[in-house]
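Descriptive analysis of the structure
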Amino acid sequence: MAVCETTHWILDCGEGHGCGLAEYSDTGELAGWFCGSDLAKGRRRPREGETQFLDPSTKLEFCCHDISRVQLAEVLDDLVEAELVVPKGKYGERVSYGATETLEEIISGVGLTLRA
């Protein structure tokens, strides 16, 4: 069973499906979630006057379990203005990762890179 947990949230995507959660570390508000193998995802609706993208320096509590690097790029791409790139030869790798870091550090930590 793929279960992802942060301080305030638990996501269970069911047997054989990867998962991921991101919450704002200062408020505990849910920033986004995702389940794979058939990718399903959700994110917070921007407040009036806010952009949908997060500043790369935004600190998040992030957890993912058994999700492909390509799916991670697709999910995190919704949160950043720059394009996310999966390094050559890393497409099929599955990732499990948990940390409270900036969005930029999380992207690096899961093995993705930003292309402006």
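Residues numbered from 1 in each chain as written. Predicted model: local features only at pLDDT ≥ 70, side-chain atom pairs only at ≥ 80, totals over all residues. Heavy atoms only, no water.

**Digging into the overall build of the chain**
Note the threshold: In this description a helix means any DSSP run of H or I spanning at least four residues, a strand means any run of E spanning at least two, and both kinds are numbered starting from the N terminus. With a 1.4 Å probe rolled over the protein chains alone, any residue whose accessible area is under 20% of its type maximum counts as buried; one over 50% counts as exposed, and the rest are partly exposed. Contacts are residue-level and defined by heavy atoms, with any inter-residue pair within 4.5 Å sufficient. When charges are counted, neither His nor the chain ends are considered; positive counts come from Lys and Arg and negative counts from Asp and Glu. Positions of charges follow a simple convention, taking NZ of Lys, CZ of Arg, CG of Asp or CD of Glu.
Helix and strand counts for the chain come out as two helices and nine strands. If you list the helices and strands of the chain from N to C, you get β-β-β-β-β-β-α-β-β-α-β. The principal-axis extent of the C-alpha atoms belonging to the chain is close to 40 × 30 × 20 Å. Buried residues in the chain amount to 41% of all 116 residues. In the chain, 55% of the contacts between residues at least 6 apart in sequence involve partners at least 24 apart. The centroid of the 11 positive side-chain charges in the chain is displaced by 5 Å from the centroid of its 21 negative side-chain charges.

**Remarks on the pairing of strand β3 (residues 19–24)**
What counts here: When DSSP finds at least two bridges between two strands, those strands are taken to pair.
Counting buried positions along β3 gives six out of six residues, so the element sits mostly inside the fold. Residues of β3 alternate between two faces, with C19, L21 and E23 on one and G20, A22 and Y24 on the opposite face, all of them buried. Where β3 and strand β4 (residues 30–35) come together, five bridges link them in antiparallel fashion. Bridge assignment links A22 to a residue of β4, and that residue is G32. In sequence, β3 turns back onto β4 through a hairpin of five residues, with G28 there showing a positive phi of about 80°. Bridge count for β3 against strand β6 (residues 59–68) is six bridges, and the pairing is antiparallel. Each bridged residue has a counterpart across the sheet, and for E23 the counterpart in β6 is E61.

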